[in-house]
Structure formats: structure tokens, C-alpha cells
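# An overview of the molecular structure
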Amino acid sequence: MHGSALASYILIPMDADGQENHLKAYGITFWVLEQNNKVKWLLNYRGGSFLMPDTESIRRECQIRGVTFEVLTDGVAEEILEEVASPSKNQDAVVLEKAPKIAVYSPKGNQPWDDAVTMVLTYAEIPYDVVYDEEVLNDGLLLYDWLHLHHEDFTGQFGKFYGAYRTAPWYIEDKKQAEALANSLGYEKVSDEKLAVALKIRNYVIGGGFMFAMCSATDSFDIALSAEGVDICEPMFDGDPSDPGYQSKLNFDNTLAFTNFILERNPNAYEFSSIDMTAKRPTVQRETDYFTLMEFSAKWDPVPTMLCQNHTAIIKGFMGQTTSYDPATIKPTVLVMAENKVNGEARYIHGIKGKGFFTFYGGHDPEDYQHRVGDPKTELELHPTSPGYRLILNNVLFPAARKKKQKT
């Protein structure tokens with residue numbers, strides 16, 4: 001449609017053929033919310049498209065950012081909304097009301113790996129603040145709706161990098177900085193300080209926060225919570241021996257997602273526990289490593305439906321320190337939203353704790369199959385339609401949704 005005549009609605013299609021830049025489309029949606037406009041997220045309609053008011057500034061912003069959009073008349077928009085509302089269609093329209101305030105939990109220094117979430121937020125032009133232990137312990141999370149944790153170790157074992165990297169300058173420096181930070185905050189050990197941070201984050205979720213974690217932040221977080229009051233660290237990590245028989249002292253009632261896991265006792269092993277399946281995938285080849293998104297009822301289960309919006313249900317696998325989760329260790333109250341069927345592993349899980357929500361996503365970087373320490377970072381300009389990265393951005397928009405009353 002040409003000329004300056006404004007129709008009433010802009011549709012940002014999110015299907016495979018209709019959208020040139022899925023990732024930046026989330027940024028446009030976020031930007032529109034920041035301008036105090038409401039957006040309708042059309043669940044399961046053309047890959048989870050967005051319907052918004054038609055203004056000159058939104059059209060221009062789409063053009064600048066390279067996001068495909070379609071201009072709709074009132075009549076066409078009404079037809080789409082009627083179609084989505086039809087009981088025979090597994091679709092729904094969810095109103096997004098307010099741009100969430102976003103915090104990314106990350107150390108201030110440069111690390112020899114990249115964080116997929118900060119990369120995709122930056123690429124999508126979605127604003128965020130970086131917080132770390134000081135802010136968390138000083139109740140800084142109360143300012144935010146959404147918190148992301150990435151490649152972090154909440155157990156005080158410095159990422160279990162000891163076996164491979166104990167002589168690497170970055171590891172030595174990292175450990176020194178973590179110990180200095182813990183001491184400056186009044187803790188004798190990094191493990192005690194990280195536990196205090198994990199407890200604050202858990203309380204943030206219970207109080208109504210949204211927490212999204214990837215890679216080792218997912219399992220190390222729950223392990224730290226389960227080991228409250230128990231020393232699971234060997235002397236090279238904290239200067240004194242671990243508690244004898246610490247496995248039997250874990251309290252799984254304290255965790256968010258995982259239960260009945262066995263900790264990895266070997267300090268030289270690059271693994272935390274039996275939760276992660278990285279070492280249990282000998283038959284998984286890179287060429288055939290895919291996971292499948294589950295289908296949920298858009299009208300009855302809007303939350304997992306939102307979190308699974310995509311232009312494909314089958315997504316390329318990718319590894320991490322924590323790649324995927326052994327279903328035997330997942331609490332029955334936690335929803336598995338994607339699985340690698342061949343290896344029987346959960347890749348993407350979601351749960352409710354108190355008034356808040358948490359989502360855990362296995363793996364490190366959706367477009368880098370086996371991200372190694374020191375590898376160059378992924379250039380998202382080359383992956384503007386990445387379905388693996390879309391899952392992250394679904395979580396970013398999720399807190400903007402108007403909460404419906406739970407169907408009882």
C-alpha cells in the first residue's frame with residue numbers, strides 16, 4: 001500500500017516466509033510498547049505475529065530496522081482476530097501492555113565467552129541493565145520485571161573449569177576477582193556469597209519476578225539452593241574439605257526445577273551433576289541434533305504457548321556446559337516445552353514458583369554448535385531468523401502480557 005494514507009493496523013508477520021528479520025521484530029514490538037501502545041501477540045498465527053496500531057513512526061522504524069510489515073485495514077484486522085478467536089483454531093490473541101524492565105546478571109569484566117542473551121538483546125535493540133552480586137544482594141532486583149542468568153556457577157566451584165584451565169591466566173584472575181568480591185561483601189567464601197545471591201534471586205521469583213536462565217546458570221542455581229548449609233566444594237575451590245557424605249544432605253525441596261540429582265564428585269570433571277546430559281549423548285551427531293517444541297493449547301495454556309512461538313517446531317541443537325536435562329531429574333510440577341526425542345532429553349523447561357515464573361534453556365549459543373572458551377562471538381547479522389534465538393526473545397516479551405485469570 002503506497003501513499004501516506006494510514007490504514008488502522010500494522011501486522012508484523014512472524015512465519016518463515018513472511019519475515020526477513022524475526023529477531024529485530026521483537027525489538028520493534030518492545031519499542032512500540034515503550035511508546036505506550038498496546039500490541040496483540042497472535043499466538044500460533046503465522047508464527048506468532050504481532051498486531052499493532054498503524055503510525056508513520058512505526059512504519060519508519062520497521063523500515064530502518066529491516067523488519068517486514070504489512071498494512072491492514074480495520075476490516076482485515078477484525079477478520080484475523082475473529083479467525084484467531086475461533087474455537088476450532090489453536091490460536092489466541094494476547095495483549096502486551098507494558099515493556100518490561102530487563103536486568104542481565106553478568107560480571108562487570110570481560111569473560112572468554114559470550115552471552116547469547118546480551119547479544120540478542122543488543123541485536124534486537126532491546127534495552128537492558130547489567131546487574132551483579134552487589135545489586136542483587138542490595139535488593140536491586142526489585143526495580144526489574146525480568147532477570148536473565150547465563151553461564152554462571154552459583155556453587156562456588158568457579159565453573160568447574162579447574163581440570164582444563166587452572167593454569168590459564170583468565171581462570172586465575174577470575175577466581176581472584178570472585179574471592180575479592182565475596183570478601184568485600186562480607187563473605188569468607190565464594191560459595192557462601194553465591195548462595196546468598198541465589199536465595200535473593202529465588203525470593204525475587206517467589207515475589208512475582210520472571211527469571212530466565214541458560215547453560216550452567218540453570219543447574220548450578222538449583223544445586224546451590226539444594227546445598228544450603230552443606231559444603232560441596234573441594235579444597236582447591238574454597239580452601240577446606242567438603243562435608244563427608246554431602247550428597248545425602250542435599251535438600252531438594254529448596255530447588256526450583258530439579259530433584260534427586262547426583263552431584264559430580266570429581267573436581268577435575270567439567271560437570272556439576274546428573275541433571276545435565278552433555279556426557280550422556282554419545283549417539284547424538286551434530287547433523288541430526290534437533291529438538292522439537294511441544295504444542296500447547298493457546299486458549300487454555302497461553303504461557304507455554306507464548307514461550308514456544310516460532311516459525312518452525314524443529315530447532316537445531318547446540319551444546320553448552322549444561323546442554324540439556326535428564327527428565328528423571330525434573331520435578332513433576334515443571335513443564336517440558338521442548339525435547340530431543342532421539343536422546344530423550346529436555347531442552348527447554350518452565351515452571352511457577354510463588355507468584356513468579358522461571359524458564360530454563362539448555363545450551364550456550366543457539367547458532368554456535370559447540371561454543372568453546374575463547375571462540376569468536378556469533379554475528380547475529382548472519383542469523384536474523386534464528387529460531388533458537390527466538391525462544392530467548394519470547395521470554396523477554398512474556399512479562400508484557402496481561403495476566404489472565406488462571407482457568408481452574
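Model, not experiment: these values are computed from the prediction.

### A closer look at the overall build of the chain
If you tally the helices and strands in the chain, you get twelve helices and 14 strands. Rg of the C-alpha trace for the chain: 22 Å, near the compact-globule value of 22 Å for 408 residues, within the 12% margin. With the C-alpha coordinates aligned to their principal axes, the bounding extent of the chain is approximately 70 × 40 × 40 Å. Residues counted as buried form 59% of the 408 residues belonging to the chain. In the chain, the share of contacts with a sequence separation of at least 24, taken over all contacts with a separation of at least 6, comes to 76%. A distance of 4 Å separates the average location of the 39 positive side-chain charges in the chain from that of its 57 negative side-chain charges.

### A few points about the sheet that holds strand E2 (residues 39–43)
An order of E4-E1-E3-E2-E5 is seen for the five strands of this open sheet, with the pairing classed as antiparallel. Both outer strands of the open sheet, strand E4 (70–72) and strand E5 (92–96), are each paired with one neighbouring strand and no more. The average angle at which neighbouring strand axes cross in this sheet is 25 degrees, direction not considered. The pairing of strand E1 (residues 9–12) with strand E3 (residues 49–53) spans four bridges and is antiparallel. Of the residues in E3, the one forming a bridge with Tyr9 is Pro53. In the packing of helix H2 (residues 56–65) onto the sheet, contacts are made with E1, E3 and E4, and the angle to E1 comes to roughly 25 degrees.

### Quick word on unusual backbone geometry
Among all residues except glycine, the phi angle is most often negative; among peptide bonds, the trans geometry is most common. The backbone of Asn36 sits at a positive phi, close to 65 degrees, despite the residue not being glycine. Its location among the elements puts Asn36 in the loop between helix H1 (22–34) and E2. A positive phi angle, near 55 degrees, is found at Lys160, a position not held by glycine.

### Re the nonpolar core
Among the nonpolar cores identified, the biggest contains 62 residues, and Ile12 and Phe50 are the most heavily contacted of them. No other element matches the eight residues that H1 contributes to this core. In this view, Ile12 contacts Gln19, Ala25, Ile28, Ser49, Phe50, Met52, Cys62, Val67, Thr68 and Phe69; residues no more than four positions away in its chain are not counted. If you look at the next biggest cluster of nonpolar residues, it comprises 47 residues, including Ala213, Ile223, Ala224 and Phe258.

### Topic: the side chain of Ser226
Assignment of secondary structure puts Ser226 in helix H9 (residues 216–226). Ser226 sits in the buried class, given a relative accessible area of 1%. Here Ser226 is in contact with Lys249, Leu250, Asn251, Phe252, Thr255 and Phe261, once residues within four sequence places are set aside.

### Brief notes about helix H7 (residues 169–184)
Taking 1.5 Å per residue as the helical rise, H7 with its 16 residues ought to reach 22 Å, and the 22 Å between its terminal C-alpha atoms agrees with that figure. If you check which residues of H7 are buried, you get Tyr171, Lys175, Ala178, Leu181 and Ala182. End-on, the buried residues of H7 take up no more than an arc of 130 degrees, which puts them together on one face. The exposed set on the far side of H7, more than 90 degrees from its buried face, consists of Pro169, Lys176 and Ser184. Where H7 is buried, its residues touch helix H5 (133–137), helix H6 (162–165), helix H8 (190–206) and helix H10 (235–238). One or two steps after H7, the chain reaches Gly186, where phi turns positive at roughly 95 degrees.

### Overview of the sheet that holds strand E7 (residues 129–131)
Taken together, the nine strands give an open sheet; going across it, the order is E7-E6-E8-E9-E14-E13-E12-E10-E11, and neighbouring strands pair in mixed fashion. Strands at the two margins of the open sheet, each flanked by one partner only, are E7 and strand E11 (314–316). Sheet twist, expressed as the average angle between the axes of neighbouring strands with direction ignored, equals 20 degrees. Note: strand E13 (residues 345–353) against strand E14 (residues 356–361), six bridges, orientation antiparallel. Within E14, the position partnered with Ile352 by the bridge is Phe357. Strands in contact with H9 are strand E8 (146–149), strand E9 (210–214) and E14; relative to E9, the strand with the most contacts, it is inclined by about 115 degrees. Contacts from helix H12 (residues 387–397) reach strand E6 (102–105), E8, E9, strand E10 (290–293), E11, E13 and E14, with the element oriented near 170 degrees to E14.

### Here's the deal with the packing of helix H4 (residues 116–124) against H12
For any two helices packed against each other, the geometry is given by the interaxial angle and the distance between the axes. Between H4 and H12, the shortest axis-to-axis distance is 10 Å and the interhelical angle comes to 75 degrees. One finds that H4 runs roughly perpendicular with respect to H12. Every residue of H12 that contacts H4 at Ala116, Val117, Met119, Val120, Leu121 and Ala124 is listed here: Tyr389, Ile392, Leu393 and Val396. For the contact of H4 with H12, a count of residues per class yields ten nonpolar, no polar and no charged.

Calculation notes
Residues numbered from 1 in each chain as written. Predicted model: local features only at pLDDT ≥ 70, side-chain atom pairs only at ≥ 80, totals over all residues. Heavy atoms only, no water. Helix = DSSP H or I, 4+ residues; strand = E, 2+ residues; numbered from the N terminus. Rg over C-alpha atoms; globule rule 2.2 N^0.38 Å. Buried < 20%, exposed > 50% of the residue type's maximum accessible area, 1.4 Å probe, protein only. Contact = heavy atoms within 4.5 Å. Lys, Arg positive; Asp, Glu negative; His and termini not counted. Charge placed at Lys NZ, Arg CZ, Asp CG, Glu CD. Pairing = 2+ DSSP bridges. Axes fitted to C-alpha atoms, helices over the stretch in contact; angles between N-to-C directions. Core = buried A, V, L, I, M, F, W, Y, C linked by side-chain atoms within 4.5 Å. Expected span 1.5 Å × (residues − 1). Arc of directions from axis to C-beta. Parallel < 35°, antiparallel > 145°, perpendicular 65-115°, else oblique. Nonpolar A, V, L, I, M, F, W, Y, C, P; charged D, E, K, R; others polar.

Keep in mind that these numbers describe shape and distance, not what the molecule does.
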